[in-house]
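# Commentary on secondary and tertiary structure
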Amino acid sequence: MDGQSLEAFEKDLKDNLYRIWNRMSSGTYFPPPVKAVEIAKAHGVGTRMLGVPTVGDRVAQTVVAAHLGARVEPVFHPDSYGYRPKRSALDAVGACRKRCWEYAWVIDLDIRKFFDSVRWDLVVRAVEKHTDARWVVLYVKRWLAADQQLPDGSLLARDRGTPQGSAVSPVLANLFMHYAFDLWLTREFPTVAFERYADDAVIHCITRAHAKQGVGRAARADGRSRSGTASRQDEDRVLQGLQPAW
């Protein structure tokens, strides 16, 4: 957004890093807007909006991402593969291929506009569960609320979502999905298996009825409650089971 390249940042690396450290350690770091960049999705179906931070902001985000990652990696589900060390999409495909010989039915799902619509209060709630570092929580809140600079130069204020393209978004997304999907699914449907890569997942079911009437229906209801189209009572029901985990 500020036009500064990696090369330009490195020309005065020591001072630039000191400036970031000084502001973050004193609580006075405020992230600049992220640059909205639209790219085509795979197979040419629609587009995806990325939020590209400045070089300095990416450095600051990486510090927080490393802090959180060290604390949440040990508790993440073994079948969560996206944006995690020593895991890849090919690992998820390998697990999926093996389980397709063990289960007769699958649900292939993609959470619609997940990175654009995830609720900030639940993300922050998850972060607070895993760290008591107030500076981490403070900057997570500020990054979530950072404006987007649109291609025409105007600024867009947001009230939800965590832009794809930043260094801290992957760990925040995985942390949210750990509670909202991974633990929920294993608790409510202990006989199923799954592989998840960020907001894409495959769920393996033993029978067609289980896939269609059980997991599928519950997943749709759960998704509606978090998107705001279900009642508050439905949302409380979904989140009630997470209380011990939080």
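Residues numbered from 1 in each chain as written. Predicted model: local features only at pLDDT ≥ 70, side-chain atom pairs only at ≥ 80, totals over all residues. Heavy atoms only, no water.

### Some thoughts on the sheet that holds strand 4 (residues 148-149)
Note the threshold: For two strands to pair, DSSP has to find at least two bridges joining them. In DSSP terms, a helix is any run of H or I states spanning at least four residues, a strand is any run of E spanning at least two, and both are numbered starting from the N terminus.
Spatially, 2-1-4-5 is the arrangement adopted by the 4 strands of the open sheet, whose pairing is mixed. One side of each edge strand has no neighbouring strand; the edge strands of this open sheet are strand 2 (47-52) and strand 5 (155-156).

### Some thoughts on helix 4 (residues 89-99)
This is how it is decided: The rule is simple: take the accessible area with a 1.4 Å probe, protein chains only, and divide by the maximum for that residue type; under 20% is buried, over 50% is exposed, in between is partly exposed. This arc is built from the directions going out from the helix axis to the C-beta atoms. Contacts: residue pairs with any heavy atoms within 4.5 Å of one another.
Listing the buried residues of helix 4 in full gives A92, A95, C96 and R99. In a view along the axis of helix 4, the buried residues occupy a sector of 100 degrees, so they form one face of it. Summarising the geometry of helix 4, the exposed residues directed more than 90 degrees from the buried face are L90, V93, R97 and K98. Buried-residue contacts for helix 4 involve strand 6 (193-197) and strand 7 (200-205).

### Considerations on the environment of Y29
Looking at the secondary structure, you find Y29 in the loop between helix 2 (13-26) and strand 1 (34-40). For the pair formed by Y29 and A60, sequence separation is 31 residues and the distance between their alpha carbons is 9.1 Å. With residues up to four places along the chain from it excluded, the contact list for Y29 reads R23, M24, G56, D57, A60, Y139, R142 and W143.

### Here's the deal with the nonpolar core
How we decide: To define a nonpolar core, start from buried Ala, Val, Leu, Ile, Met, Phe, Trp, Tyr and Cys residues and group those joined through side-chain atoms within 4.5 Å.
Formed by 48 residues in total, the largest nonpolar core has its most connected members in L172 and I203. Of all the secondary-structure elements, those providing two or more residues to this core are helix 2, helix 3 (55-72), strand 3 (105-110), helix 5 (114-117), helix 6 (120-130), helix 7 (134-144), helix 8 (169-188) and strand 7. With 11 residues, helix 8 is the single largest residue contributor to this core. Setting aside chain neighbours within four positions, we find L172 in contact with L68, V123, V127, V140, L144 and T162.

### Considerations on the sheet that holds strand 7
Let me state the cut-off plainly: Here an axis means a line fitted to C-alpha atoms, over the contact stretch when the element is a helix, while the angle between two N-to-C directions is reported on a 0 to 180 degree scale.
Read from one edge to the other, the open sheet built from 3 strands follows the order 3-7-6, with strand pairing classed as antiparallel. Bordering the open sheet on either side are strand 3 and strand 6, each of which pairs with just one other strand. Averaged over neighbouring strand pairs, the angle between their axes works out to 10 degrees when direction is ignored. As judged from the 6 bridges shared by strand 3 and strand 7, these two strands associate in the antiparallel manner. Within strand 7, the position partnered with D110 by the bridge is D200. Contacting strand 6 and strand 7, helix 4 crosses the sheet at an angle of about 160 degrees to strand 6. Against the sheet, helix 8 makes contact with strand 3, strand 6 and strand 7, and its axis sits at roughly 170 degrees relative to strand 6, the strand it touches most.

### Digging into the pattern of salt bridges
Keep this limit in mind: Salt bridge, as used here, is a side-chain nitrogen of Lys or Arg placed within 4 Å of a carboxyl oxygen of Asp or Glu.
Counted according to the given criterion, the structure contains 7 salt bridges. Among the salt bridges present, the one from R84 reaches E73, with a minimum N-O distance of 3.0 Å. With R84 in the loop between helix 3 and helix 4 and E73 in the loop between helix 3 and helix 4, this residue pair connects regions lying 11 residues apart in the sequence. Linked through salt bridges whose partners overlap, the residues forming this network are D79, R99 and E195.

### Here's the deal with the confidence of the model for the protein
Defined as follows: The pLDDT value tells you how sure the predictor is about a given residue, anywhere from 0 up to 100.
When the pLDDT values of the protein are averaged, the result is 86; 85% of them are 70 or greater. The low-confidence segment residues 225-246, where pLDDT is below 50, has 28 contacts with residues more than four positions distant or belonging to other chains.

### A look at the packing of helix 3 against helix 7
Heads up, the rule is: Any angle that is under 35 degrees is reported as roughly parallel, and any over 145 degrees as roughly antiparallel; angles of 65 to 115 degrees are reported as roughly perpendicular and all others as oblique. Here a crossing is called left-handed whenever its near helix is offset anticlockwise from the far helix by less than a right angle, and right-handed whenever the offset is clockwise.
For the pair helix 3 and helix 7, the least separation of the axes is 11 Å and the interaxial angle reads 130 degrees. Here helix 3 lies oblique to helix 7, going by the angle between them. Helix-helix and strand crossings are classified by hand; for helix 3 and helix 7 the assignment is left-handed. Along the contact surface, helix 3 presents D57, A60, Q61, V63, V64, H67 and L68, while helix 7 presents W135, V136, V140 and W143.

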